[in-house]
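What follows is the residue order along each chain.
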Amino acid sequence: MKSKIKKRLDHYLGFDSDEIFEMGDPIIFGGAIRDSIADLDIHDIDILSGPLTAERLDRLIISHGYKFSENLMIKDMTDMYSGIKIISEPKTYLKSGRIIQVIRPRGNSNQPVNQLNQLFETNYKQVINDLISEVDLSCCGVSYDGKDVYEKFPNAIVHCQSKVYLVNKRAKMKTNRIHGRMHKLSVRGWEEINEIENRDVIINHVLQ
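Throughout what follows, the structure given in this document is the object of discussion. Fair warning: this is a prediction, and the values are worked out from it, not measured in the lab.

1. Details of the sheet that holds strand E1 (residues 27-29)
For step 1, the next point in the chain: If you walk across this open sheet you meet the 7 strands as E3-E4-E5-E2-E1-E6-E7, and the pairing is mixed. Of all strands in the sheet, those bounded by a partner on one side alone are strand E3 (67-68) and strand E7 (149-151).
For step 2, the next point in the chain: As paired elements, strand E2 (residues 45-48) and strand E5 (residues 98-103) share 4 bridges and run parallel to each other. Among the inter-strand pairings, Ile47 is bridged to a residue of E5, identified as Val102.

Here is the structure:
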């Protein structure tokens, strides 16, 4: 699974994804990992990182020919995250139809910026893993750090393999466009399930 995910990320990015992980300790999560596990095309890549790593990623991504964009169409896309108070608005980069978004956790505004940067860079793993566990759709609760694949939502990997998902109604990462995203998943062959159906998916996976 790890080699498949890396191969797909490298192909989409147009450069070795290991370079991203050399910038610090960023994590690629959500759709790119979900779609790689499900053997579907990647539509964009979302990277979670602390502020210092985000600065390094900015230079790296631009060095590979991507352009930072505030284009209205992309702005519209990032508005999906605008209602989420626990992350900052993503920085979006474009190259030949490919999209990379770098997303940072939002800190306590009462703390000095330099202390916040150090806090998130030092404790980023717990902060970011907590964020990923708060996704609104179970199949998006998957991540990759260049070494391993993780599921921060119960059974997220099996859900990706089965192309199904649960809606996490209490998610802190619930976006303004959850219904639109659910529709797009449905068009691509994904199915929403309930808790009873989830149990059947897990049992069938174990019995395979």
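More follows now that the structure is in view.
2. A word on the side chain of Ser49
For step 1, the next point in the chain: Within the secondary structure, Ser49 is located in the loop between E2 and helix H4 (51-63).
For step 2, the next point in the chain: The contacts of Ser49, once residues within four sequence positions are left out, are Pro26, Ala54, Leu57, Val102, Ile103, Arg104, Pro105 and Ile128.

3. Description of the packing of aromatic side chains
For step 1, the next point in the chain: Per the stated rule, a full pass over the model turns up 3 aromatic pairs.
For step 2, the next point in the chain: Positioned over the ring face of Trp190 is Arg34, at 5.8 Å from the centre of the ring.

4. Section: the pairing of strand E4 (residues 91-95)
For step 1, the next point in the chain: Here E3 pairs with E4 via 2 bridges, running antiparallel. The residue of E4 that forms the bridge with Lys67 is Leu94.
For step 2, the next point in the chain: As defined by bridge partners, E4 adjoins E5 across 5 bridges and the pair is classed as antiparallel. By the bridge assignment for E5, Lys91 is matched with Val102.
For step 3, the next point in the chain: Between the end of E4 and the start of E5, which pair antiparallel, lie 2 residues, with Ser96 showing a positive phi angle near 50°.

Rules of the game
- Residues numbered from 1 in each chain as written.
- Predicted model: local features only at pLDDT ≥ 70, side-chain atom pairs only at ≥ 80, totals over all residues.
- Heavy atoms only, no water.
- Pairing = 2+ DSSP bridges.
- Helix = DSSP H or I, 4+ residues; strand = E, 2+ residues; numbered from the N terminus.
- Contact = heavy atoms within 4.5 Å.
- Phe/Tyr/Trp six-rings, centres within 6.5 Å; stacked < 30°, edge-to-face > 60°.
- Lys NZ or Arg CZ within 6 Å of the ring centre and 35° of its normal.

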